[in-house]
Amino acid sequence: MSKRLSRKYKLDAKRVAVTGHSAGGHLALWLAAQRPKLRGAIPLAPVADLKRGFELKLSRGVVGELLGGSPTEVPERYAKASPFELLPIGPAQRLIHGSADDIVPVDFSRRYLEAAKAKKSDVTLTEIPECGHFELIDPRSKAWPVVEQTTMAIFGK
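As a starting point, this report considers the structure included with it. Each chain has its residues counted from 1, running along the sequence as written. Side-chain atom pairs in this predicted model are given and counted only at pLDDT of 80 or more, local residue features only at pLDDT of at least 70, and totals for whole chains, interfaces and linings cover all residues. In computing side-chain values, all of the structure's heavy atoms are included and hydrogens and water are not.

When its secondary structure is counted, the protein shows eight helices and four strands. The globule rule puts the C-alpha radius of gyration for 157 residues at 15 Å, and the 15 Å found for the protein is close to it. Oriented by its inertia axes, the alpha-carbon framework of the protein measures out at about 40 × 40 × 30 Å. Using a 1.4 Å probe on the protein chains alone, a residue whose accessible area is under 20% of its type maximum counts as buried, one over 50% counts as exposed, and one in between counts as partly exposed. Split into buried and exposed, the 157 residues of the protein put 43% on the buried side. In the protein, once contacts between residues fewer than 6 apart in sequence are set aside, the share between residues at least 24 apart is 64%. Methods summary: accessible areas were calculated by the Shrake-Rupley approach with a probe of 1.4 Å, and residue burial reflects only the protein chains presented. When the accessible surface of the protein is summed, it comes to about 8900 Å², and 55% of that surface belongs to carbon and sulfur atoms. Under the convention used here, Asp and Glu are negative, Lys and Arg are positive, and both His and the chain ends fall outside the count. A charge is said to be at NZ when it belongs to Lys, at CZ for Arg, at CG for Asp and at CD for Glu. Taken together, the 25 basic and 17 acidic charged side chains of the protein have centroids lying 12 Å from each other. In this text, helices come from DSSP runs of H or I with a minimum length of four residues, and strands from runs of E with a minimum of two, each type numbered from the N-terminal end. Radius of gyration: C-alpha atoms only; globule rule: 2.2 Å multiplied by the number of residues to the exponent 0.38. Pairs of residues are marked as contacts when any of their non-hydrogen atoms sit within 4.5 Å.

By the convention used here, strands pair only if DSSP detects at least 2 bridges between them. Relative to strand S4 (residues 123-128), strand S3 (residues 92-98) runs parallel, the two being bridged by six bridges. Pairing of glycine 98 across the sheet is with isoleucine 128, part of S4.

What follows covers a nonpolar patch on the surface. Grouping into patches uses exposed residues only, defined as over 30% relative accessible area, and leaves out salt-bridged ones; the cut-off is 9 Å for like charges and 5 Å for nonpolar side chains (Val, Leu, Ile, Met, Phe, Trp, Tyr). We define a salt bridge as a contact between a side-chain nitrogen of Lys or Arg and a carboxyl oxygen of Asp or Glu at a distance within 4 Å. Together, Ile103, Phe134 and Ile137 make up an exposed nonpolar region whose accessible area comes to about 270 Å². Its place among the elements puts isoleucine 103 in the loop between S3 and helix H7 (107-118). Owing to a relative accessible area of 32%, isoleucine 103 belongs among the partly exposed residues under this scheme.

Glancing now at the environment of arginine 4. Considering the arrangement of structural elements, one finds arginine 4 in helix H1 (residues 3-9). Under the relative-accessibility criterion, arginine 4 is labelled exposed at 69%. For the pair arginine 4 and alanine 33, spaced 29 residues apart in sequence, the C-alpha separation works out to 20 Å.

Attention now moves to the sheet that holds S3. Reading across from one edge, S1-S2-S3-S4 is the order of the four strands in this open sheet, with parallel pairing throughout. The open sheet has two edge strands with one neighbour each: strand S1 (17-21) and S4. Neighbour to neighbour, the strand axes of the sheet diverge by 15 degrees on average, direction disregarded. Here five bridges tie S1 to strand S2 (residues 40-44), and the two strands are oriented parallel to one another. Bridge pairing in S2 places histidine 21 opposite leucine 44. On top of the sheet, H7 reaches S3 and S4; it is set at about 160 degrees to S4, its chief contact. Axes here refer to lines fitted to C-alpha atoms; in helices the fit is confined to the stretch in contact. Angles between the N-to-C directions go from 0 to 180 degrees.

Next up on the list: the pairing of S2. With five of its five residues buried, S2 lies for the most part within the structure. Side chains Gly40, Ile42 and Leu44 project from S2 onto one buried face, and the interleaved Ala41 and Pro43 project onto a second face that is buried too. Pairing geometry for S2 and S3, over three bridges, is parallel. Bridged to leucine 44 within S3 is isoleucine 96.

A few words now on helix H8 (residues 144-154). All of the buried residues in H8 are Val147, Thr150 and Ile154. All buried residues of H8 fall inside an arc of 70 degrees around its axis, so they share one side. Here the buried face of H8 lies against S1, S2 and S3. Phi turns positive, to about 75 degrees, at glycine 156, one or two residues after H8. Of all possible arcs, the one meant is that of the directions from the helix axis to the C-beta atoms.

Centres within 6.5 Å are what make two rings of Phe, Tyr or Trp a pair, Trp counting through its six-membered ring; a difference in plane orientation under 30 degrees is then read as stacked, over 60 as edge-to-face, and the rest as tilted. One pass over the full model with this rule turns up one aromatic pair. Aromatic pair phenylalanine 54 and tyrosine 78: ring centres 6.4 Å apart, planes at 85 degrees, arrangement edge-to-face. Here tyrosine 78 lies in helix H5 (residues 75-81) and phenylalanine 54 lies in helix H3 (residues 50-55), a separation of 24 residues in the sequence. Its relative accessible area of 30% is what places phenylalanine 54 among the partly exposed residues.

The structure is reproduced here in structure tokens:
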């Protein structure tokens, strides 16, 4: 959050949490790594490891397109853009992922959780059984109450 925006709108970063889904979940984690004073990040089915995303050719190779090459061609970009490479991340991270996600496999969040805990990050993962990729952003789904509760919990409510 820029100082200009913070001043203009009288924002306290310690009261701001970020969230995003899929590629947006990647961005929520990335922003948390850049802004250690944020309250937290609630990434939904995040692409938390861009190297792994490249290896699996997620969304027909979108990671390579985003970063302009492979991890061996542009390693510095992966180092600066991949939350997995930016660990430890200071703000609380509350990942939510469906166990039946066939677009961003739940293993992304499991591997991230393990690595983040090893680096002493404040991180949890809530896996929702039999939940796919898009249920996490559908207010009518069985996953939505978990998203709501997790969001409120990061604020202590």
